[in-house]
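Residue-level structural notes
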2 protein chains.
Amino acid sequence: MSQHIYMNAFTQCCPTPQSEGQWKNPRDRSVPGFNDPDFWIDLARTAERGFFESLFFADVHGTYDIYGGNSDAGLKHGVQVPGNEPTVLFPLLARETKQLGLIATYSTTYFEPFLTAKLFSSLDHFTNGRVGWNVVTSYLSSAQRNGLGELLEHDARYEKAEEYMNVCYKLWERSWDDGAIIRDFKNDALIDIDRVHKISHKGEHYQVEGPHMCTPTAQRTPFLVQAGGSPRGLEFGTKHAEALFTIIQNVNRAAEMTNQVRQYESIAGRDPGTVKIMTGIGVVVAETEQELKQKIDRYKDYASVEGLLALFGGWTGLDLSGFKPEDPMDAFDTEQMQYFSTFFAEMDPTRIWNFGDMCNYMKLAAISPVITGTPDQVADELERWVDEGGVSGFNLIPVDQPGSLADFVDLVVPELQRRGRMKTEYPKQQLTLREMFSYEGNTKLPSTHPAKQIER
Amino acid sequence: MSQHIYMNAFTQCCPTPQSEGQWKNPRDRSVPGFNDPDFWIDLARTAERGFFESLFFADVHGTYDIYGGNSDAGLKHGVQVPGNEPTVLFPLLARETKQLGLIATYSTTYFEPFLTAKLFSSLDHFTNGRVGWNVVTSYLSSAQRNGLGELLEHDARYEKAEEYMNVCYKLWERSWDDGAIIRDFKNDALIDIDRVHKISHKGEHYQVEGPHMCTPTAQRTPFLVQAGGSPRGLEFGTKHAEALFTIIQNVNRAAEMTNQVRQYESIAGRDPGTVKIMTGIGVVVAETEQELKQKIDRYKDYASVEGLLALFGGWTGLDLSGFKPEDPMDAFDTEQMQYFSTFFAEMDPTRIWNFGDMCNYMKLAAISPVITGTPDQVADELERWVDEGGVSGFNLIPVDQPGSLADFVDLVVPELQRRGRMKTEYPKQQLTLREMFSYEGNTKLPSTHPAKQIER
């Protein structure tokens, strides 16, 4: 039997988040759609029409201000700004769909763990277990200047995040036993206080007494996602996450990376294959070669290279405003740039990349690989990533919105369904997001997960 | 013409928040409704059916643990625990209703102003301007032990809150000019960067650079509510708020208090009568005296005095677990208790109150005055509060949910409509919450509001 392909639709409550300039594309409705619930309902329904497992919202709390040493380019091109808080949409989107999972980025740096635990429990209650948390430790220094947390050195951030997770786990998994609401008329007790526990966490970074504010939800701990690509991030992710959102340049690298994740999994003592590896991918699909070419050309015409470089600058800390198109990729002699030099070279090892090539490459879906073709060709290539690269599925990075997703749903999904790679219907009874990414009945974290192993 | 009576429905995402024990009442659906979006949709639709201006959600982030020196009683009786985060419901509730305003308590102690400003702008976008913020500085020490902020001395909290408000005002009112999204194809500019401003706030408590993450909403600054009852709280409230949620014992005291607010308003340089004074009130209404008596008796039978004292303990810091029913009200010789001794005495000055009287009194709607009667009698009394007491309207404290609200809507609202005190229809075109509490066209804060007077 062909391996199921898991699908997540990537988005953010802002203008097209990773394809700056598409606001000029008549097909794009993300401006001013990002302020309008109807736009998000339509996007969620489109993902559900295509039997996607989930819709994922990234989020940032500052402007992109590395490029040119200020936020001018970031603002001018609407680089992930303006942007709204996505979690407040989830109960609405859950009601307007039947099964689609809803995943939000939420930072361990900006929010106290007690409040994060409360928020995600509330979301899980109000969506009946369809919520995921993308755990991030945050990266924009502009957010710090907005009064948000201390921007710790990379590894220290992960140390602190470990403790943060433990606090959340204690609140979600240990604070309320099942059945604590007893409605005991005789003793006038709504709650059995012996089944509600303080967590009394006293750590290096956090002191949290508890109990948790919320009763156990369908999933208790929300479905956990992690998107860090660094070695330390990968270690953190394979320890805690149930799905990794990664960016991998090609199928060969995917095979290496997925092997590595399986090893880390086994080191962390988790069931092999538990962690779903969702790789970021852009897809441009059309029924004919001619339509496809037109679509790609139009996307590239509308792209704002300056905006993309502002985006890239925020991700890497590199100000690329001084570069010329013909500059070789290693002209910026930093570790980060060498990484990206190699990164892009591996996208197409048959040629020498210069800076102009990189800019051109980013026009479709920033640094994600892009598959272009007819439905058949796209499906072939996606299967290759899964069968040879070992990935579990894809994080679809949109170029325009909702066009990219709608194209994929209308053209690629039917082909993947014919090949037995995607569902043709959702389960009759609504499942939790954790079940959607594993199997029916698997609503809670397994005993091998670190959440289950911390001391009381 | 009779003065319009503004109506707000009070609630909290937990078991009946101010009438502990009603979970035993077969009419009450708040347990387990508080975890279910359908319960909240039903409540919001009921308020809208009764042409209420708004639905208000209180919120806490800790247990009530003064009574008996621990949280046993608070937990056992479900005193505002378990509880969910209410703001994530707002876009859903807005979609399932047409005009009802949605107000959330959000604490200046637990959330950074940059994030609070983003959250409320997002909510205002997603509800098309129907959102209000109840500014609180927080009071439960258990929240501090959950890792949430520093519990400052009362006045210092308000000092810090002043700066907090200034940061939010700068983000909401000064950061984005109208029309900053220009979609300038020629210059490849989505945004006119000259119309987006950093706020560069550097104060004693907060450093926030900006710009704000969100574009201006229908209201820019959400409708502002304040619920503090202390002199310092009242000063803060009359300076910043557009509606005050208060608790006043009787009509005479209301007249004094509303006069005082009008004076404070004038000192603060605000337009007289701008601040709507919404006083907390419980209402038990039935068509006949016999039904009424039955309903009151049933409410009192179901009430949990221990739970109410746990609630009272959290509000006042007083552990009343050692009291006996026959103890006089001033047996606890503290300033707080003297205040409440006077407070209760004024509810009914014709008798000497003892501790048992107080417990008995609290059975319906905790410390709020309660009006009981037939629809006609209730309407008479509400009119007296407005005409003689000078209040703008009422914050309806439920006994059971949704029963108390439904009773009011079905029985009292038609009578108030007949008397020209309440709307018989909502405006054809949806208005903002600010307009609902003032007049059509008044979507933004007026120039006399402090938000408009801070320096750039």
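Residues numbered from 1 in each chain as written. Chains lettered and ligands numbered in written order. Predicted model: local features only at pLDDT ≥ 70, side-chain atom pairs only at ≥ 80, totals over all residues. Heavy atoms only, no water.

To continue, consider the overall build of chain A. Along chain A, the regular secondary structure elements total 16 helices and 13 strands. The C-alpha radius of gyration of chain A comes to 22 Å, within 12% of the 23 Å expected for a compact globule of 456 residues. The principal-axis extents of the C-alpha atoms in chain A amount to approximately 80 × 50 × 45 Å. By the burial criterion, 64% of the 456 residues in chain A qualify as buried. Partitioning the contacts of chain A with sequence separation of at least 6, the portion at a separation of at least 24 is 76%. (Helix = DSSP H or I, 4+ residues; strand = E, 2+ residues; numbered from the N terminus. Rg over C-alpha atoms; globule rule 2.2 N^0.38 Å. Buried < 20%, exposed > 50% of the residue type's maximum accessible area, 1.4 Å probe, protein only. Contact = heavy atoms within 4.5 Å.)

All names here are of chain B. In contact at an axis separation of 9 Å, helix α8 (residues 231-240) and helix α9 (residues 251-267) are set at 55° when each is read in the N-to-C sense. By the angle class used here, α8 and α9 are oblique. Regarding α8 and α9, the two cross each other, and that crossing is right-handed. For the pair α8 and α9, the contacting residues are P231, L234, E235 and T238 in the first and M257, Q260, V261, Y264 and E265 in the second. Here the contact of α8 with α9 is composed, by residue class, of 5 nonpolar, 2 polar and 2 charged. (Axes fitted to C-alpha atoms, helices over the stretch in contact; angles between N-to-C directions. Parallel < 35°, antiparallel > 145°, perpendicular 65-115°, else oblique. Left-handed = near helix turned anticlockwise from the far one by under 90°. Nonpolar A, V, L, I, M, F, W, Y, C, P; charged D, E, K, R; others polar.)

All names here are of chain B. Two numbers describe how helix α11 (residues 305-316) lies on helix α13 (residues 355-365): the axes approach to 10 Å, and their chain directions differ by 95°. It follows that α11 is roughly perpendicular to α13 by the angle criterion. Contacts between α11 and α13 involve V305, L308, L309 and F312 from the former and F355, M358, C359, M362 and K363 from the latter. For the contact of α11 with α13, the class distribution of residues is 8 nonpolar, no polar and 1 charged.

Moving on, we come to the environment of A406 of chain B. Take A406 of chain B: it is sitting in helix α15 (residues 403-418). Sequence separation of A406 of chain B and R49 of chain B is 357 residues, and the distance between their C-alpha atoms is 9.1 Å.

All right, on to the pairing of strand β10 (residues 243-246) of chain A then. Residues and elements named next belong to chain A. The alternating pattern of β10 places A243 and F245 on one face and L244 and T246 on the opposite face, and all of these are buried. Examined bridge by bridge, strand β9 (residues 223-226) and β10 share 2 bridges and lie parallel to one another. Within β10, the residue paired with V225 across the bridge is A243. Where the polypeptide runs from β9 across helix α8 (residues 231-240) and back to β10, its parallel neighbour, the crossover connection is right-handed. Judged from the 4 bridges that link them, β10 and strand β11 (residues 276-285) form a sheet pairing that is parallel. For A243, the partnering residue across the bridge sits in β11 and is K276. Read from β10 through helix α9 (residues 251-267) to β11, the crossover connection turns out right-handed. (Pairing = 2+ DSSP bridges. Right-handed = clockwise from strand over helix to strand, strands pointing away.)

With that settled, consider the packing of aromatic side chains. Tallied over the entire structure, the rule returns 46 aromatic pairs over all chains. Ring centres of W133 of chain B and W172 of chain B lie 5.9 Å apart, and the angle between their planes is 80°; this geometry places the pair in the edge-to-face category. Of this pair, W133 of chain B sits in strand β4 (residues 131-136) while W172 of chain B sits in helix α7 (residues 154-174); the two residues are 39 residues apart in sequence, bridging distant segments of the chain. By relative accessible area, which is 0% here, W133 of chain B ends up buried. W172 of chain B sits in the buried class, given a relative accessible area of 2%. By the ring-pair criterion, three or more aromatic residues cluster together here, those being Y106, F111, F120, W133, Y164, W172 and Y206 of chain A. (Phe/Tyr/Trp six-rings, centres within 6.5 Å; stacked < 30°, edge-to-face > 60°.)

Before going further, it helps to examine the relation of the copies chain A and chain B. When chain A is fitted onto chain B, the two copies agree to an RMSD of 0.0 Å after a turn of 180° and an axial shift of 0.0 Å. The operation mapping one copy onto its partner corresponds to a two-fold rotation axis. Residue by residue, 100% of the interface of chain A is reproduced at the interface of chain B, so both copies engage with the same surface. (Least-squares fit on C-alpha atoms with pLDDT ≥ 70 in both.)

We now examine the interface of chain A and chain B. Between chain A and chain B, the contact holds 73 residues from the first and 73 residues from the second. Across the chain A/chain B interface, buried area totals approximately 6400 Å², and carbon plus sulfur atoms make up 63% of it. At the surface where chain A touches chain B, the tally comes to 10 salt bridges. Notably, a salt bridge pairs D188 of chain B with K24 of chain A, separated by 2.6 Å at the nearest N-O pair. Breaking the side of chain A that touches chain B down by element, the ones donating at least two residues are α2 (37-49), α3 (72-76), α4 (90-95), α5 (113-126), β5 (181-184), β6 (189-191) and β8 (207-208) of chain A. Of the residues forming the side of chain A that touches chain B, the biggest block, 8 residues, is contributed by α5 of chain A. (Buried area = accessible area lost by both parts, 1.4 Å probe. Salt bridge = Lys/Arg side-chain N within 4 Å of Asp/Glu carboxyl O.)

This part is about helix α2 (residues 37-49) of chain B. Residue pairs three or four apart in sequence face the same way in an α-helix, which turns once every 3.6 residues. All names here are of chain B. In this model, α2 (13 residues) spans 18 Å end to end at C-alpha, consistent with the 18 Å of a helix rising 1.5 Å per residue. Within the span of α2, buried status applies to P37, F39, W40, I41, L43, A44, T46, A47 and E48. Two or three places before D38, at the start of α2, stands the capping residue D36, its side-chain oxygen 2.9 Å from that residue's backbone nitrogen. (Expected span 1.5 Å × (residues − 1). Polar contact = N/O pair within 3.5 Å; in protein donor to acceptor, adjacent residues only side chain to side chain.)

Our next topic: the pattern of salt bridges. Where charged atoms from two side chains of opposite charge come close, those side chains can pair. In the structure shown here, the tally under the stated rule is 72 salt bridges over all chains. R95 of chain B is paired through a salt bridge with E96 of chain A; the nearest N and O atoms lie 3.3 Å apart. On the criterion of chain membership, the pair formed by R95 of chain B in helix α4 (residues 90-95) and E96 of chain A in the loop between α4 and β3 (101-107) is interchain, its members lying in two chains. Between R421 of chain B and D387 of chain B there is a salt bridge, and its shortest N-O distance comes to 2.6 Å. Remark: D387 of chain B occurs in helix α14 (residues 375-387) and R421 of chain B occurs in the loop between α15 and α16 (433-436); sequence separation between them is 34 residues. Here D387 of chain B falls in the partly exposed class, since its relative accessible area comes to 49%. Through salt bridges that share partners, D376, D380, E383, D387, E415, R418, R419 and R421 of chain A make up one connected network.

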